[in-house]
Amino acid sequence: MNSSILSVMWTLICAFLVIFMQAGFAMMETGFTRAKNAGHTMAMTMMVFVIAVLGYWSIGYGLQTGSPGFFLSGAASDASIIMLFLSQVVYLNIAATIPTGAMAERWTFKSFVVYGFFMAMFVYPLYARWVWGGGWLAQLGARFGLGHGVVDFAGSSIVHMVGGVAGLAGAIVLGPRMGKYRANGTPTAIPGHHIPMAVAGCLILFFGWFGFNAGPAMADGGTALGIIVVNTMLAGAAAAASALCYVWFVYGKPDLSLIANGLLGGLVAISASCAFVSPAGAMMIGLVAGVLCCASVFFVERKLKVDDPVGAVSVHGVCGAWGMVALGLFSDGAYGDGLNNVSGTVRGLFYGGGPQFLAQIIGVIVNVVLVFIVMYAFFKILDRIIPLRVSEEVEFEGLDQSEVAVTAYPDFSITKTRR
Amino acid sequence: MNSSILSVMWTLICAFLVIFMQAGFAMMETGFTRAKNAGHTMAMTMMVFVIAVLGYWSIGYGLQTGSPGFFLSGAASDASIIMLFLSQVVYLNIAATIPTGAMAERWTFKSFVVYGFFMAMFVYPLYARWVWGGGWLAQLGARFGLGHGVVDFAGSSIVHMVGGVAGLAGAIVLGPRMGKYRANGTPTAIPGHHIPMAVAGCLILFFGWFGFNAGPAMADGGTALGIIVVNTMLAGAAAAASALCYVWFVYGKPDLSLIANGLLGGLVAISASCAFVSPAGAMMIGLVAGVLCCASVFFVERKLKVDDPVGAVSVHGVCGAWGMVALGLFSDGAYGDGLNNVSGTVRGLFYGGGPQFLAQIIGVIVNVVLVFIVMYAFFKILDRIIPLRVSEEVEFEGLDQSEVAVTAYPDFSITKTRR
Amino acid sequence: MNSSILSVMWTLICAFLVIFMQAGFAMMETGFTRAKNAGHTMAMTMMVFVIAVLGYWSIGYGLQTGSPGFFLSGAASDASIIMLFLSQVVYLNIAATIPTGAMAERWTFKSFVVYGFFMAMFVYPLYARWVWGGGWLAQLGARFGLGHGVVDFAGSSIVHMVGGVAGLAGAIVLGPRMGKYRANGTPTAIPGHHIPMAVAGCLILFFGWFGFNAGPAMADGGTALGIIVVNTMLAGAAAAASALCYVWFVYGKPDLSLIANGLLGGLVAISASCAFVSPAGAMMIGLVAGVLCCASVFFVERKLKVDDPVGAVSVHGVCGAWGMVALGLFSDGAYGDGLNNVSGTVRGLFYGGGPQFLAQIIGVIVNVVLVFIVMYAFFKILDRIIPLRVSEEVEFEGLDQSEVAVTAYPDFSITKTRR
Amino acid sequence: MIKIEAIIKPFKLDEVKDALVGIGIHGMTVTPETKGFGRQKGHVEIFHGAEIDISFVQKVKVELVVCEEMLEKALAVIQEKTRSGKIGDGKIFVTRLADVVRLRTGEHGNAAI
Amino acid sequence: MIKIEAIIKPFKLDEVKDALVGIGIHGMTVTPETKGFGRQKGHVEIFHGAEIDISFVQKVKVELVVCEEMLEKALAVIQEKTRSGKIGDGKIFVTRLADVVRLRTGEHGNAAI
Amino acid sequence: MIKIEAIIKPFKLDEVKDALVGIGIHGMTVTPETKGFGRQKGHVEIFHGAEIDISFVQKVKVELVVCEEMLEKALAVIQEKTRSGKIGDGKIFVTRLADVVRLRTGEHGNAAI
Ligand SMILES: Nc1ncnc2c1ncn2[C@@H]1O[C@H](COP(=O)(O)OP(=O)(O)O)[C@@H](O)[C@H]1O
Ligand SMILES: Nc1ncnc2c1ncn2[C@@H]1O[C@H](COP(=O)(O)OP(=O)(O)O)[C@@H](O)[C@H]1O
Ligand SMILES: Nc1ncnc2c1ncn2[C@@H]1O[C@H](COP(=O)(O)OP(=O)(O)O)[C@@H](O)[C@H]1O
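The shown structure was predicted, so the numbers you read here are calculated from the model rather than taken from an experiment.

Colleague: Explain the overall build of chain D to me, please; I cannot follow it from the model alone.
Modeller: The helix and strand inventory of chain D stands at two helices and seven strands. Mapped in sequence order, the helices and strands of chain D form the string β-α-β-β-β-β-α-β-β. For 113 residues, the compact-globule formula gives about 13 Å, and the C-alpha radius of gyration of chain D, at 17 Å, lies well above that figure. In terms of its C-alpha atoms, chain D occupies a principal-axis envelope of roughly 60 × 30 × 20 Å. When each of the 113 residues of chain D is scored for burial, the buried share is 62%. Here the contacts in chain D between residues at least 6 apart in sequence split such that 71% fall between residues at least 24 apart. When the accessible area of chain D is evaluated, it comes to approximately 4,100 Å², of which 52% is carbon and sulfur surface. Across chain D, the mean location of the 17 positive side-chain charges is 3 Å away from that of the 16 negative side-chain charges.

Colleague: Can you help me understand the side chain of Q88 of chain B in this one?
Modeller: All names here are of chain B. Here Q88 shows up in helix α3 (residues 79–102). Owing to a relative accessible area of 7%, Q88 belongs among the buried residues under this scheme. Of the polar contacts made by the side chain of Q88, one reaches the side chain of Q64; its length is 3.0 Å. Aside from chain neighbours lying at most four places away, what touches Q88 is Y56, Q64, Y124, A128 and W132.

Colleague: Even after reading the chapter, I still don't get the site of ligand 2, so can you show me in this structure?
Modeller: Ligand 2 sits among 21 residues. The nearest are R39 and K91 of chain E together with T29, V65 and R102 of chain F. Nearby residues place ligand 2 at the junction of chains E and F. Between T29 of chain F and ligand 2, the recorded distance is 2.7 Å, taken from a side-chain N or O atom to an oxygen atom. For ligand 2, a nitrogen atom lies 2.9 Å from a polar atom in the backbone of V65 of chain F. Within the complex, 99% of the 550 Å² of free accessible area of ligand 2 lies under protein. Of all the elements in the fold, those that place two or more residues in the shell around ligand 2 are β2 (28–37) and β6 (90–96) of chain E together with β2 (28–37) and β5 (57–66) of chain F. When grouped by side-chain class, the residues that make up the shell around ligand 2 number seven nonpolar, seven polar and seven charged.

Colleague: It is not clear to me how the pattern of salt bridges should be interpreted in this structure. Could you clarify?
Modeller: A side chain with one charge can pair with a side chain of the opposite charge if their charged atoms come near. Summed over all chains, the structure comprises 39 salt bridges over all chains. In this structure, E5 of chain E and K3 of chain F form a salt bridge, with 2.7 Å as the shortest nitrogen-oxygen distance. You can see E5 of chain E sitting in strand β1 (residues 2–8) and its partner K3 of chain F sitting in strand β1 (residues 2–8), one on each of two chains. Taking relative accessible area as the criterion, E5 of chain E reaches 2% and is therefore assigned buried.

Colleague: What is the right way to look at the relation of the copies chain C and chain A in this model?
Modeller: The relation between the two chain copies is a rotation about an axis coupled with a shift along that axis. At an RMSD of 0.0 Å, chain C and chain A line up after a rotation of 120 degrees and a shift of 0.0 Å along the axis. In short, the pair behaves as if placed about a three-fold rotation axis.

Colleague: Looking at this model, I keep getting lost on empty space enclosed by the protein. Mind explaining?
Modeller: Summary: where empty space remains is shown by rolling a probe the size of a single water molecule over the atoms. The tally for this structure, following the rule as stated, stands at 17 cavities of 30 Å³ or more. Quantified by volume, the largest cavity comes out at close to 360 Å³. Forming the walls of the largest cavity are 23 residues, and the residues nearest its centre are F37, G38, G90 and K91 of chain D together with G27 of chain E. Contributing elements (two or more residues each) for the lining of the largest cavity: β2 (28–37), β5 (57–66) and β6 (90–96) of chain D together with β2 and β5 (57–66) of chain E. In the lining of the largest cavity, the residues fall into nine nonpolar, seven polar and seven charged.

Colleague: Quick question: what am I supposed to make of a nonpolar patch on the surface here?
Modeller: Together, L63, F70, F71 and F122 of chain A line one region of the surface with nonpolar side chains, adding up to about 350 Å² of accessible area. Structurally, the position occupied by F122 of chain A is in helix α4 (residues 109–131).

Colleague: Would you mind showing me how to read the interface of chain C and chain A here?
Modeller: Many analyses report the size of an interface as the accessible area lost when the parts associate. Taken together, the contact between chain C and chain A spans 52 residues of the former and 53 residues of the latter. For the pairing of chain C and chain A, the buried interface totals around 4,500 Å² over both sides, and the portion due to carbon and sulfur atoms is 85%. Broken down by secondary-structure element, the contributors of at least two residues to the side of chain C that touches chain A are α1 (3–31), α2 (38–65), α3 (79–102), α4 (109–131) and α14 (399–404) of chain C. If one sorts the elements of the side of chain C that touches chain A by residue count, α1 of chain C sits on top with 15 residues. When grouped by side-chain class, the residues that make up the side of chain C that touches chain A number 41 nonpolar, eight polar and three charged.

Colleague: What is the right way to look at unusual backbone geometry in this model?
Modeller: Most peptide bonds take the trans form, and the phi angle of most residues other than glycine is negative. Positive phi is not limited to glycine here, since A405 of chain A has a value of about 55 degrees. Tracing the chain through its elements places A405 of chain A in the segment after α14 (399–404). In the Ramachandran plot, K305 of chain C falls in the positive-phi region, its phi being about 55 degrees despite a non-glycine side chain. Structurally, K305 of chain C can be placed in the loop between α10 (279–303) and α11 (312–330). Among the residues examined, K305 of chain C registers a relative accessible area of 38% and is labelled partly exposed.

Colleague: Before we go on, may I ask you to explain the environment of F47 of chain F in this structure?
Modeller: By the secondary structure assignment, F47 of chain F is in strand β3 (residues 43–47). Exposure remark for F47 of chain F: the relative accessible area of 5% places this residue in the buried category. Setting aside residues up to four positions removed in sequence, F47 of chain F forms contacts with V406 of chain A together with F32, A189, I190, P191, G192, I195, D255 and S257 of chain B.

About the criteria used
- Residues numbered from 1 in each chain as written.
- Chains lettered and ligands numbered in written order.
- Predicted model: local features only at pLDDT ≥ 70, side-chain atom pairs only at ≥ 80, totals over all residues.
- Heavy atoms only, no water.
- Helix = DSSP H or I, 4+ residues; strand = E, 2+ residues; numbered from the N terminus.
- Rg over C-alpha atoms; globule rule 2.2 N^0.38 Å.
- Buried < 20%, exposed > 50% of the residue type's maximum accessible area, 1.4 Å probe, protein only.
- Contact = heavy atoms within 4.5 Å.
- Areas by Shrake-Rupley, 256 points an atom, 1.4 Å probe, with all protein chains shown as cover.
- Lys, Arg positive; Asp, Glu negative; His and termini not counted.
- Charge placed at Lys NZ, Arg CZ, Asp CG, Glu CD.
- Polar contact = N/O pair within 3.5 Å; in protein donor to acceptor, adjacent residues only side chain to side chain.
- Near = heavy atom within 4 Å.
- Nonpolar A, V, L, I, M, F, W, Y, C, P; charged D, E, K, R; others polar.
- Salt bridge = Lys/Arg side-chain N within 4 Å of Asp/Glu carboxyl O.
- Least-squares fit on C-alpha atoms with pLDDT ≥ 70 in both.
- 1 Å grid on protein atoms, 1.4 Å probe; cavity = no way out; pocket = protein on both sides within 12 Å on 5 of 7 lines; lining within 4 Å.
- Points joined across faces, edges and corners; volume = space filled by probe spheres on them.
- Patch = residues over 30% accessible without salt bridge, like charges linked within 9 Å, V, L, I, M, F, W, Y side chains within 5 Å.
- Buried area = accessible area lost by both parts, 1.4 Å probe.

So yeah, pure geometry; function would need other evidence.
What follows is the structure, encoded as structure tokens:
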């Protein structure tokens, strides 16, 4: 028993925590959607894990790593393959879950299943390979002198932006839920049906996020463990606080649903840079993320007219992008020596690291463009084969019975008058 | 600080995760039963832990190990006793919880309390001693050449079959809930009242299961840790997927409640063999478990006419038995050297290990026969002393007020028309 | 990688578990209050973490430790500061959460925010410094021969009594919820709206408590790890069992809400002494705590006429005090050598340690007097600046819309007739 | 056209419904979330160690509109199925209607029942 | 036999009930989940940064059947307890019934009230 | 004074409401949790592998009290908005009221509507 088993243990514990985030997403998304679709939203958030595991095991992992190949064949004998598979599949799973929030309450279960496999087999592996697998984005540093190349410690872009941008593409293709926009084009709110469940889900996510961010920390012996955890905590808290102030300022009351979004936005934003910035830096990143997240929710809903029931695009996409950029601004040079084969630590713009900033911007642009185009095309094509959207009647009645054969709350009276 | 403290830490962490499964069971079972009994189901799933701890501490542990004796006396000075107690009591607790699902919505709280002590003091300790304590089932290998004797890595039989078979006995003695069977003998569904809670419970169980299966992994230094976790994940996912396909095929829609059962069935099935099989083997075990679980739900309800509100008999009993058998089929000889004092690794039928297969079959049969007879007799006798079943009126009104003095949802209107 | 990283890992894992307790408190408190205030209660339990982190980071930590100072400046380079901050902030957070239960359903969000900062910046740091920071209470041993001075392993007083006593002060200043007391002064029950959520919250708390109590265990290499966990488990179980028997005896039925309180009371009580007592001692401490907790609920409600919706004063305040005293009774001299610079192990009255008992009594009295006076004065003054209590109309309608801009259950019909 | 409004115990609903269908009643409207008190006065429940007065008992309201000829038969059936002789059995209110319209067809009066 | 149907504010229910019991009303049926609008027109709530029009206000419907002689007294009591003079106070509808049946005994008419 | 009680499909409620307001109806009471059956007979759902008969279909009850003159117009509007020609469209019951009281002012009769 030695340091390697310690590293295995830590990776496993963190992986477990990330798996537990699945329960957090399930509760958060379901709580923020309507009672008549609660079973359907739960079903998606549960099955996406199943699908992601199968898709990644069969094809995705092989594509991403290029090694032994598919179905983890021959892996049993090689513990490092097993551990890499584990640590990646839990991230992928989060990425694949995110669009279920943006596309909730109107998505056919059949097409969702196809989506899940596509994401796990192709989309996540591609971008993850480019950044974490030593691909061309990672090599921007060693080859073109752009700092350490695109750096993303725990997945602001690889996990969250992939999910958020895919969700945006999906929500655009699906169109808004019926009744979301008034005849004059202004949005109405469609309130989530179970706020306590949603908030409890957020708290579970907060808990799991420590595993999410601290998971990769043992690669170099865990020297940054403490700072990663403190930064995660501070950024989340700062973002919730700034979201609170922002909404209190904008309409005179703290809006719990936006604060919850803000909190998660802060956690998304700090994921990329949690090992590279100081506590004060984390605080700044969080403060910006909280406001940005709320403003983005308004923008997506009012200007883009995209209906994203849980705010996934803003939380994961926009704050993920901010997190990538923030790494290029706030990295203070305390960590990252030798990363991506570039000697020296990671420094952002504010610490004299202009090239790193550039690398991050490139990473963000590539992610947005790539994922959006691929997913938009995918959804458009899929829609021809298996319609993405349920019928109007099913949408009014709720997707539960017709899509997943349950009634979420059969003993309670549910109001469905809202269109 | 050395390898032993590492092993202690891992055992504790896994034990914590198993304790957390209690919340998963509580939510899953309560979500799958009716609103009018939600407090009662919650009360059982909470108190069973309390009772199990007290019963095992006072009598059960002493009986199982035969060592120092009762009430953990003298244990404080001996860390190994403390650790064995801990790792066992959390398993016992799961075993004791399972029947509360099969017997939900009609069981008197008083007789439930007596049951809990009986299970913790006698039933679990007995079978656990035979398999994990080096008892006669474990010795089938060393003494009669049946492979490594009955092998059960993390409790498919010791925990799940014990619970599932006990639940079957209890559900038979209790009889079906009123209104469950139509005059013509065909079953009607009695839908669970809070599907999101149930699914969230399943996700918590999935999370906790990693602790459940990986808990015993440090015994040999943790060499199988990674493969255990991957196998657990794959089997769960495969089972959910096969259950999905099966129900989609059978009645044209994915039935979320059965898929959730299937998922758990896969986890139950892999518990016995998670360290012994390859990922591909785990996948096969899961695929079979998912279908088997659903088919068993139909069989128990339609043919046996036993009313098992949450499917506990199928998930834990039937899939537990399958898991034991599967170990005897799929063990690939990569692990288990020296287990139960038999040199060489564990091999199943498909890898040339016929005798191991036989041992597993014997283990299953002994478990079913022993536990069923003991528990059936116990429940029958107990029923004479403290009636197991609430009155018809209480059953209609719901057990909450009369059995545990709460109303689960006093601010909501609950429908109770269903009989 | 060495023993220090192991200690860091353990501290982090335990800190994560304590953070997760936040979800447990949120669900427990929300479940035990009314549907019309569910969003508000959730908002408080979520935001209190945010506020506590910011307040402690900015001022509180500096005050408590007296070291580098505020805003964790210069901390990034010093892992031990980071780790101390982390392990303290999660405790503080629990302390700050507790009053949200006692003051639920009528507290304005604005004044709550101010309270949160006050607690995190001044109150917790003060008392924690006196006991854990080597302050005068800790020195009662070395200086005045009172055993090891005031000893509190995991926070029965520092965390729970601080929270419970502050909650008492707050609940007194706020006054009872409207309709709580009949014209003749007798209390009526105001049932919690979601018992399953509350019980699930308790189970989460139980899970998290293992991290809470075992967190400080690595200070001396983890020798007491096993016993800490077993004691925690036994005390919780014993308390739930004794609460069950007590209420069954008092009014003929097990009252689930009081049993849940009792369970938590047992966990609170064992926190101080979990490393110092034998399993049998833990059992005794739990048994007393369960009864004490219920009796205290009756006393607070009927005699003091203080309205504490979730029983926080009894669970955390009274059982916390009992836990401190119990340490002075049951410590068996197996642990604590050198603690607070006093050689020899910790012994309670029953093991010949009279002076230790005295020290604990002093600790309790100082805590009650200090915290009560400070918080009472604080709330009284704050009330003049920002009224603590919402208007009658808001209280009838529920605090959700007016205080945190959500409706917890918009798709369900909620009864609000109860005053 | 007569409206029969029956306030009954929830667990009698299925039986009453089946019996009414049995005598040829083709429609019925139910309000499940109804509470009331009559001679039956509510009861006391316990929560967290204190008492709470539940002043209204859970009932279910069944409304059926029938033609004059069916009135007696329907009343008889409801009485038969609900009568236990204990307080709380419930009550029936009978009102004369001015008109009935079937929305699907636009029919009026007895034809619309 | 007269049916009085009062649509009132939920938080007036307990008071109204107690007052009616005080004047000797022996029975009452309540439908708590009732919504409506009158001159009071609903309001706007906020969720997740967008507005939502709540067009129906939560009300409670109280039905009581009384004999002719009690009508005035009951109306007076309800008015007294609910009148705040602000919109949203509610409304009362009065209908004449053709019959009342007490299910427990089978009594008809005034005797059954 | 006439009470119109319409049992309609829940998703027609908003449309019906808007149309009624459009013709000058100033008040309305809705009971959202209403269930019923008519020619439309319920349906079968599945849970955990077994069937369950849902014998009552979710409906919504809309009550509006109008003066004699508005009756025809209101009926016409409701019919227009709800008629799909398929079973389950719903039904309207019309009753004559003895009195209406506006609680806010104490007005009686037509003035109170
Ligand atoms: N006078 C009344 N007006 C309105 N509803 C009534 C009246 N009397 C009884 N009810 C309704 O009938 C239900 C059953 O009444 P019950 O207690 O059986 O009456 P009784 O004892 O007069 O037969 C009550 O819960 C209430 O909902
Ligand atoms: N014409 C009507 N028909 C049916 N219900 C009505 C009518 N007018 C009012 N109501 C009911 O009475 C409630 C209270 O009405 P309110 O706003 O006080 O009326 P007003 O302003 O006319 O006094 C409404 O929410 C509605 O439920
Ligand atoms: N005779 C009746 N008495 C009471 N309610 C009725 C009656 N007929 C129909 N309803 C109500 O109207 C709703 C719609 O009826 P529907 O199936 O459209 O009737 P039809 O087929 O006769 O037009 C039913 O669900 C029920 O609530």
